[in-house]
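Commentary on secondary and tertiary structure
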Amino acid sequence: MTRSGPVRVGLIGAGWMGRFHGQTLARRIPEAELVAVADPAPGAARQAADELGARQAYQDPADLIGDPAVAAVVIASPAHFHTDLVVAAAAAGQAIFVEKPMALTVADADRAIAAAAAAGVPLQVGFNRRFAAGFAAARRVIDDGGIGTPQLLRSLTRDPGGFDPAAVKPGAIFLETLIHDFDTLRWFNPGARVLDVYAVADALVHPEFADRGLLDTAVVTLRFDNGAIAVAEANFSAAYGYDVRGEVFGSAGLVTAGDVHATEMRHLHAGGSSGSTVRRNIDLFRDAYTQELADFVANLRGANRPVPTGPDARAALAIALAAIDSVAAGARVALPPDAA
């Protein structure tokens, strides 16, 4: 798909992440033009459209998808709407960027992938860590053989806290948080397939919500078919800030990525050493969020930049679902051969 002139993009979802994506499209990517915003909440789309300079505001996302001025959509709605919106946008011939998770079941992931393939439209998924400078540099080291054969991998996500435990959906720690780590671990071990998963999880931050099904802390072990063993961990309340890191240890070395610190500044004083930390995802990954949409737009204008696709989303989802099953069963869960 090659276009001349700015790519006309519609934004579906004017919440926290949607607003940030909208700002990126409207202000940080000259090759994109944000032309419409849709959100079912009364007044939300109009407010966002006015703020971002978009011409149209729709309460029904179907109206945005049906707008002939919209050539591509960025879907940042709640996750349970993602698949149906992907299918509808594909049927309209629109290029699609969808936030993770693309789907909540493997069947829906297959439905989204099939719809995009049948329509011949690009389908990119919001695994933003691939676009963070440190993570991308680590992958280049891996590709260049800098760590040899991967043997041990690690990825972690620790959110800075302040969440409402009553609002956390069942399985969210796997489907909406650790799904980033599962994609990162697959990406850091290119060509390898996850064989099985063992997960443990509990409510350690808010134990009083454990009987309501809250899981706010989890550790997942993955085994790959090339022999590598990986660990993913998550916690919803890191007192010191938003912490996302990755590591690959191999036969010839080690590579790491990620840093909780906001800058390289360190203050040495009588009490020791201190430095400021990051508290929001849009601060820690501001450049990565921008770059993933810049690459989405660039590919629509004829570039051929590597981006996470529908099958990548399906593979990470299969791991997340296996982790949920593992917690329930208290046992290791094998992934089917087609999970990758």
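Residues numbered from 1 in each chain as written. Predicted model: local features only at pLDDT ≥ 70, side-chain atom pairs only at ≥ 80, totals over all residues. Heavy atoms only, no water.

Points about the packing of helix H4 (residues 82-91) against helix H5 (residues 106-119)
Closest axis-to-axis distance for the H4/H5 pair is 8 Å, and the angle between their directions is 10°. Our classification of the angle between H4 and H5 gives roughly parallel. The segment H4 lies against H5, with Thr83, Asp84, Val86, Val87 and Ala90 engaging Asp108, Arg111, Ala112, Ala115, Ala116 and Ala119. A breakdown of the residues in the contact of H4 with H5 according to their chemical character gives seven nonpolar, one polar and three charged. (Axes fitted to C-alpha atoms, helices over the stretch in contact; angles between N-to-C directions. Helix = DSSP H or I, 4+ residues; strand = E, 2+ residues; numbered from the N terminus. Parallel < 35°, antiparallel > 145°, perpendicular 65-115°, else oblique. Contact = heavy atoms within 4.5 Å. Nonpolar A, V, L, I, M, F, W, Y, C, P; charged D, E, K, R; others polar.)

Some remarks on the pattern of salt bridges
Counted under the stated rule, the structure contains 21 salt bridges. As a salt-bridge pair, Asp183 and Arg130 come within 2.7 Å of each other at their nearest N and O atoms. Taken together, the residues Asp183 in helix H7 (residues 172-187) and Arg130 in the loop between strand E6 (123-125) and helix H6 (133-143) connect sequence positions 53 residues apart. A salt bridge links Arg158 to Asp243; its shortest N-O distance comes to 3.5 Å. With a gap of 85 residues between them, Arg158 in strand E7 (residues 150-158) and Asp243 in strand E11 (residues 243-250) connect regions that are remote in the sequence. In this structure, a network of salt bridges that share partners links the residues Arg154, Arg158, Glu233, Asp243 and Arg245. (Salt bridge = Lys/Arg side-chain N within 4 Å of Asp/Glu carboxyl O.)

Thoughts on the sheet that holds strand E3 (residues 56-58)
In space, the six strands of this open sheet follow the order E3-E2-E1-E4-E5-E6, with parallel pairing throughout. The open sheet is flanked by E3 and E6, the only strands paired with a single partner. Taken over all neighbouring pairs, the strand axes of this sheet differ in orientation by 25° on average, direction set aside. One ladder, built from six bridges, connects strand E1 (residues 7-12) with strand E2 (residues 32-38); its direction is parallel. The residue of E2 that forms the bridge with Val7 is Ala32. With respect to the sheet, H4 is in contact with E1, strand E4 (72-75), strand E5 (95-98) and E6, its orientation differing from that of E5 by roughly 165°. (Pairing = 2+ DSSP bridges.)

Here we look at the domain arrangement of the protein chain
By the assigned domains, the protein chain splits into domain 1 (7-125) and domain 2 (130-285 + 309-334). Spacing between the C-alpha centres of domain 1 and domain 2 amounts to 27 Å. Counting residues at the interface gives 17 residues for domain 1 and 15 residues for domain 2. When domain 1 packs against domain 2, close to 1,400 Å² is buried across both sides, 71% of that on carbon and sulfur atoms. The largest share of the area that domain 1 buries against domain 2 comes from Trp16, Lys100 and Val106, three residues that together contribute 35% of it. There are one salt bridge connecting domain 1 and domain 2. (Domains from an automatic or database assignment. Buried area = accessible area lost by both parts, 1.4 Å probe.)

With respect to the packing of aromatic side chains
Tallied over the full model, the rule gives six aromatic pairs. Judged by centre distance (5.8 Å) and plane angle (65°), the rings of Phe20 and Tyr289 are edge-to-face. Linking Phe20 in helix H1 (residues 16-28) with Tyr289 in helix H9 (residues 286-300), this pair joins segments that are 269 residues apart in sequence. For Phe20, a relative accessible area of 3% translates into the label buried. A relative accessible area of 5% means that Tyr289 is categorised as buried. Ring plane angle 20° and centroid distance 5.7 Å describe the contact between Trp187 and Phe188, whose orientation is recorded as stacked. By way of ring pairs, the aromatic residues Phe20, Phe285 and Tyr289 are connected into one cluster. Geometry around Phe20 places Arg28 over its ring, the cationic atom sitting 4.7 Å from the centre. (Phe/Tyr/Trp six-rings, centres within 6.5 Å; stacked < 30°, edge-to-face > 60°. Buried < 20%, exposed > 50% of the residue type's maximum accessible area, 1.4 Å probe, protein only. Lys NZ or Arg CZ within 6 Å of the ring centre and 35° of its normal.)

Overview of the pairing of strand E8 (residues 194-202)
One ladder, built from eight bridges, connects E8 with strand E9 (residues 217-224); its direction is antiparallel. Bridging across to E9, Val194 finds its partner in Phe224.

Side note on the UniProt feature "domain: Gfo/Idh/MocA-like oxidoreductase N-terminal" (unreviewed entry) in the protein chain
UniProt's feature table lists "domain: Gfo/Idh/MocA-like oxidoreductase N-terminal" (unreviewed entry) at residues 7-127, given in the numbering used throughout. Between the end C-alpha atoms of residues 7-127 there is a gap of 21 Å, over a span that is 42% helix and 22% strand. (UniProt positions renumbered as here; feature names shortened; annotations may be inferred.)

Side note on the UniProt feature "domain: GFO/IDH/MocA-like oxidoreductase" (unreviewed entry) in the protein chain
UniProt tags residues 135-254 as "domain: GFO/IDH/MocA-like oxidoreductase" (unreviewed entry). The distance separating the terminal C-alpha atoms of residues 135-254 is 13 Å; by composition the span is 21% helix and 36% strand.

Side note on the environment of Arg193
Here Arg193 shows up in the loop between H7 and E8. As for Arg193 and Asp225, which are separated by 32 residues in sequence, their C-alpha atoms are 5.5 Å apart. Residue contacts for Arg193: discarding those within four places in its chain leaves Arg223, Phe224, Asp225, Leu335, Pro336, Pro337 and Ala340.

Some words on the nonpolar core
If you look at the biggest cluster of nonpolar residues, it comprises 78 residues, and the most contacted ones within it are Ile96, Phe174, Leu178, Phe182, Val197, Val220 and Leu222. Among the domains, domain 1 (7-125) and domain 2 (130-285 + 309-334) are the pair contributing at least three residues each to this core. The residues touching Leu178, leaving out its near neighbours within four places in the chain, are Ile173, Ala218, Val220, Ala232, Glu233 and Ala234. Within the second largest apolar cluster, 23 residues are counted, among which are Val7, Leu11, Ile29 and Leu52. (Core = buried A, V, L, I, M, F, W, Y, C linked by side-chain atoms within 4.5 Å.)

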